[in-house]
Amino acid sequence: MSTRNYILKVILIGDSGVGKTSLMNTYVNQKFSDEYKATIGADFLTKELVINGSVVTMQIWDTAGQERFQSINVAFYRGADCCIMVYDITDHDSFVHLGDWKEEFMVQSAYENPETFPFVVIGNKIDCDNERLVSRNDVEQWCKQNGNLQFFETSAKESINVDKAFIAVAESALKRE
Ligand code: GTP
Ligand code: MG
């Protein structure tokens, strides 16, 4: 990787209510709200970071988890450099659905080498650990079976591991440059 400026497109996908918008707002604006406002169309925020001396502009695309907006979402998948798949540790279905999200992303984005495309898995809401329904171990197994995907548990609410996860996303996207 040479020293130049990079623009990386990363995309957040996953079920409605898992915290995609919240993760983006915590990371970019250090802001969190308990109020739920469903995302209805994809939109992005940018964040600049420096990695190995290069300025990296991360364009973070937040998509809608609700089924009825899926046809709009897929238009934004193309050209992504990394895909972040989010589930909620207190919602087992949101973990089960990761496979469908991954499949749909690969089909719609039409990459030539889907096996090497960087996905990062985020289990959000670890501040609610007492309501946990998805074990770390199950997700680690799933990540192994699905191409050795990187995995983080986060809390957008308490800003736990959020920076770390997004930096890992930027680094894995850069490896493709
Ligand atoms: P869609 O836009 O419908 O796809 O949902 P989303 O994935 O963007 O979820 P959103 O960020 O809107 O969060 C849904 C709800 O979960 C909101 O009420 C948030 O306040 C809450 N939430 C998000 N992250 C966390 C977290 O880390 N901990 C807790 N306790 N609540 C969270
Ligand atoms: Mg949202």
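Read on for a plain summary of the structure. Position numbers for residues count from 1 along each chain, tracking the sequence in the order it is written. Working convention: letters from A go to chains and numbers from 1 go to ligands, in the order in which they are written. For this predicted model, a pLDDT threshold of at least 70 governs which residues receive local features, and a threshold of 80 or more governs which side-chain atom pairs are given and counted, while totals over whole chains, interfaces and linings are taken from all residues. Excluding hydrogens and water, the side-chain figures rest on all heavy atoms present in the structure.

1. Some words on the site of ligand 1
Item 1. Neighbouring residues are identified by heavy atoms, a residue being near a molecule or strand if any of them is within 4 Å of it. Taken together, 24 residues form the shell around ligand 1, and within it Lys-20, Ser-22, Ser-33, Tyr-36 and Gly-65 come nearest.
Item 2. Definition of a polar contact: a pair of N or O atoms within 3.5 Å, with one able to donate and the other able to accept a hydrogen when the atoms are protein atoms, and with sequence-neighbouring residues admitted only if both atoms are side-chain atoms. Between ligand 1 and Asp-127 there is a distance of 2.7 Å, counted from a nitrogen atom to a side-chain nitrogen or oxygen.
Item 3. The side chain of Ser-155 places a nitrogen or oxygen atom 3.5 Å from an oxygen atom of ligand 1.
Item 4. To be clear on the numbers: accessible area is Shrake-Rupley with a 1.4 Å probe, and residue cover counts the displayed protein chains and nothing else. In the complex, the protein chains occlude 92% of the 650 Å² of accessible area that ligand 1 would expose alone.

2. Points about the pattern of salt bridges
Item 1. By definition here, a salt bridge exists when the distance from a side-chain nitrogen of Lys or Arg to a carboxyl oxygen of Asp or Glu is within 4 Å. In the structure shown here, the tally under the stated rule is six salt bridges.
Item 2. Here Asp-129 ties to Arg-132 by a salt bridge, and the two come within 2.7 Å at their closest N and O atoms.
Item 3. The salt bridge partner of Glu-153 is Arg-136, with a shortest N-O separation of 3.6 Å. Taken as a pair, Glu-153 in strand E6 (residues 150-153) and Arg-136 in helix H5 (residues 136-145) lie far apart in primary sequence, 17 residues in all.
Item 4. Type-normalised accessible area, obtained with a 1.4 Å probe on protein chains alone, sets the label of each residue: buried when under 20%, exposed when over 50%, and partly exposed for intermediate values. Residue class for Glu-153 comes out buried when judged on its relative accessible area of 5%.
Item 5. Each of Asp-129, Arg-132, Arg-136, Glu-140 and Glu-153 takes part in a single network of salt bridges with overlapping partners. Only runs of H or I of at least four residues qualify as helices and only runs of E of at least two qualify as strands under DSSP, and these elements are numbered from the N terminus.

3. Here we look at the sheet that holds strand E5 (residues 119-124)
Item 1. Taken in spatial order, the six strands line up as E2-E3-E1-E4-E5-E6 in an open sheet, and their pairing is mixed. Unpaired on one side and paired on the other, strand E2 (43-51) and E6 mark the two borders of the sheet. Each adjacent strand pair in this sheet contributes to an overall mean axis angle of 25 degrees, direction not counted.
Item 2. Of the strands in this sheet, strand E1 (6-13), E2, strand E3 (54-62), strand E4 (82-88) and E5 are in contact with helix H1 (residues 20-29), which crosses E2 at around 45 degrees.
Item 3. Here helix H4 (residues 98-109) sits on the sheet in contact with E1, E4 and E5, set at roughly 160 degrees to E4. At least two DSSP bridges between two strands are required for those strands to pair. Only the stretch in contact is used when fitting a helix axis, every axis being a line fitted to C-alpha atoms; angles between N-to-C directions are given from 0 to 180 degrees. Here, two residues are considered to be in contact whenever any of their heavy atoms come within 4.5 Å of each other.

4. Overview of the pairing of E6
Item 1. In terms of strand pairing, E5 meets E6 through four bridges, oriented parallel. Each bridged residue has a counterpart across the sheet, and for Ile-122 the counterpart in E6 is Phe-152.
Item 2. Viewed along the sheet, the connection from E5 through H5 into E6 turns out right-handed. Note on handedness: a crossover is taken as right-handed if, strands pointing away from the viewer, the path from the first strand over the helix to the second is clockwise.

5. Some words on the environment of Gln-145
Item 1. Mapped onto the elements of the fold, Gln-145 is located in helix H5.
Item 2. Note on Gln-145: relative accessible area 62%, which makes it exposed.
Item 3. Sequence separation of Gln-145 and Val-107 is 38 residues, and the distance between their C-alpha atoms is 19 Å.

6. Some thoughts on the side chain of Lys-9
Item 1. Assignment of secondary structure puts Lys-9 in strand E1.
Item 2. Among buried Asp, Glu, Lys and Arg side chains, Lys-9 stands out as unpaired, with Asp-81 the closest opposite charge at 8.2 Å.
Item 3. At 2.8 Å, the side chain of Lys-9 and the backbone oxygen of Arg-78 are in polar contact.
Item 4. Contact partners of Lys-9, with chain neighbours within four places excluded, come to Gln-59, Trp-61, Phe-76, Arg-78, Gly-79, Ala-80, Asp-81 and Cys-82. Two residue types count as positive, namely Lys and Arg, and two as negative, namely Asp and Glu; His and chain ends fall outside the count.

7. Examining the layout of surface pockets
Item 1. Points on a 1 Å grid, built from protein atoms alone, make a cavity when a 1.4 Å probe fits but cannot get out and make a pocket when they are open with protein on both sides within 12 Å along at least 5 of 7 lines; residues with an atom within 4 Å of a point are the lining residues. Grid points are joined across faces, edges and corners, and a volume is the space filled by probe spheres set on the points. Within this model, the largest pocket holds a volume of roughly 770 Å³.
Item 2. Together, 33 residues line the largest pocket, and Thr-21, Ser-22, Glu-35, Tyr-36 and Lys-37 are the ones closest to its centre.
Item 3. With six residues, H1 is the single largest residue contributor to the lining of the largest pocket.
Item 4. Lys, Arg, Asp and Glu make up the charged group, whereas Ala, Val, Leu, Ile, Met, Phe, Trp, Tyr, Cys and Pro make up the nonpolar group; the residues left over, Gly among them, are polar. Classifying every residue of the lining of the largest pocket gives eight nonpolar, 15 polar and 10 charged.
Item 5. As a volume, the second largest pocket reaches approximately 230 Å³.
Item 6. As for the second largest pocket, its lining consists of 16 residues, of which Phe-117, Pro-118, Phe-119, Gly-147 and Leu-149 are closest to the centre.
Item 7. Secondary-structure elements contributing two or more residues to the lining of the second largest pocket are H4 and E5.
Item 8. Residues of the lining of the second largest pocket, tallied by class, amount to seven nonpolar, six polar and three charged.

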